[in-house]
Amino acid sequence: MSADNSSTICVCRSVRQELGIAIGFLVPPVLVPNIEDRDELAYHISIMFYIIGGVATLLLILVIIVFKEKPKYPPSRAQSLSYALTSPDASYLASIARLFKNLNFVLLVITYGLNAGAFYALSTLLNRMVIWHYPGEEVNAGRIGLTIVIAGMLGAVISGIWLDRSKTYKETTLVVYIMTLVGMVVYTFTLNLGHLWVVFITAGTMGFFMTGYLPLGFEFAVELTYPESEGISSGLLNISAQVFGIIFTISQGQIIDNYGTKPGNIFLCVFLTLGAALTAFIKADLRRQKANKETLENKLQEEEESSTSKVPTAVSEDHL
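Residues numbered from 1 in each chain as written. Predicted model: local features only at pLDDT ≥ 70, side-chain atom pairs only at ≥ 80, totals over all residues. Heavy atoms only, no water.

1. A word on the overall build of the chain
What the chain contains, in helices and strands, is 12 helices and zero strands. Order of helices (α) and strands (β) in the chain, N terminus to C terminus: α-α-α-α-α-α-α-α-α-α-α-α. Looking at the chain residue by residue over its 320 residues, the buried ones come to 42%. For the chain, contacts bridging at least 24 residues in sequence account for 82% of all contacts bridging at least 6. Looking at the chain as shown, the accessible area adds up to about 17,700 Å², and 66% of this sits on carbon and sulfur atoms. (Helix = DSSP H or I, 4+ residues; strand = E, 2+ residues; numbered from the N terminus. Buried < 20%, exposed > 50% of the residue type's maximum accessible area, 1.4 Å probe, protein only. Contact = heavy atoms within 4.5 Å. Areas by Shrake-Rupley, 256 points an atom, 1.4 Å probe, with all protein chains shown as cover.)

2. Section: the UniProt feature "transmembrane region" (unreviewed entry) in the chain
In the numbering adopted here, UniProt assigns the feature "transmembrane region" (unreviewed entry) to residues 41–67, 103–122, 142–162, 174–190, 196–214, 235–253 and 265–284. Measuring from the first to the last C-alpha atom of residues 41–67 gives 38 Å, for a span that is 96% helix and 0% strand. Annotation note: span residues 235–253, helix share 100%, strand share 0%, distance between end C-alpha atoms 27 Å. (UniProt positions renumbered as here; feature names shortened; annotations may be inferred.)

3. Observations regarding a nonpolar patch on the surface
Where nonpolar side chains cluster on the molecular surface, the patch consists of Ile51, Val55, Leu58, Leu59, Leu60, Ile61, Leu62, Val63, Ile64, Ile65, Val66 and Phe67 and spans about 1,200 Å² of accessible area. Residue placement: Ile64 occurs in helix H2 (residues 38–66). Assessed through its relative accessible area of 62%, Ile64 is described here as exposed. (Patch = residues over 30% accessible without salt bridge, like charges linked within 9 Å, V, L, I, M, F, W, Y side chains within 5 Å. Salt bridge = Lys/Arg side-chain N within 4 Å of Asp/Glu carboxyl O.)

4. Focus: the side chain of Thr188
Inspection of the secondary structure puts Thr188 in helix H7 (residues 169–190). Residue Thr188 is classed as buried on the basis of its relative accessible area, which comes to 2%. At a separation of 2.7 Å, a polar atom in the side chain of Thr188 contacts the main-chain carbonyl oxygen of Met184. In contact with Thr188, other than residues within four places in its own chain, are Lys262, Asn265, Ile266 and Cys269. (Polar contact = N/O pair within 3.5 Å; in protein donor to acceptor, adjacent residues only side chain to side chain.)

5. Digging into the packing of helix H9 (residues 213–225) against helix H10 (residues 230–259)
Close contact between H9 and H10 brings their axes to 9 Å; oriented N to C, the two are set at 130°. Taken together, the axes of H9 and H10 lie oblique to each other. Remark: the crossing between H9 and H10 carries right-handed chirality. Contacts between H9 and H10 involve Gly217, Phe218, Ala221, Val222 and Thr225 from the first element and Glu230, Ser233, Ser234, Leu237 and Asn238 from the second. Taken together, the residues of the contact of H9 with H10 sort by class into four nonpolar, five polar and one charged. (Axes fitted to C-alpha atoms, helices over the stretch in contact; angles between N-to-C directions. Parallel < 35°, antiparallel > 145°, perpendicular 65-115°, else oblique. Left-handed = near helix turned anticlockwise from the far one by under 90°. Nonpolar A, V, L, I, M, F, W, Y, C, P; charged D, E, K, R; others polar.)

So this is what it looks like as structure tokens:
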């Protein structure tokens, strides 16, 4: 598989993840209705947990039986070179230490965490915010969450195609980040207008960029950290997202309880502004692209030298 498909692979992986989040938005409000009887409510919740447990068990069995440690053939020239450069005695701690000496990657870890953390907080508190302004609309709150994720899946696909063609990792990441901030600001000031259809549109627009940013962060991290393990760089991004997600969810929840939804969303806008500013300082050191280019040039040079060395022999044989 060519290196040009690497962004598409990452996007497909992200789309599968976001599809699960979309189902998580849609199904729980249907399985657990808003009822006053605690016993009946507990029954519906237990049914939902049994379904989740069954699906998780099935996935575990599939992982054990079907999944392989790595593909039979490297997916790109750069990945093949990375396998060759990796020492069998490589240390995870040494790799992490090298990554944290990479200033561009450290900035990306922070900015990715701010964006993803804002998405996690918004997703967690979405039901509360919608019901705050639109009482009794629990099912529509789930549908709004579904709209955010589906729009984000579309954004991820489009951004992945654009990356494959343009290789403009920093520029694309920065533009999507800024548009995420714009979408968040618009959502913040339209949530309380009293029109639910407006919330669907503004939330979907915000989700197109906010959720669509997530695979861009993974791809940019791989470019900045090559030939370090993609699993380690992706893991650090996920850790950052979870940490900021916990902080933002608790903080925004407290702000909403005490001051309302608008100050809570403005709280996220402030940190998205910080993330966009820090993204502008990331240097586009595309190491994987350089490795792909150098590998291809070396291969072409070897083929050219090989064909050149065969020409005199053929002429000599014809002459004889």
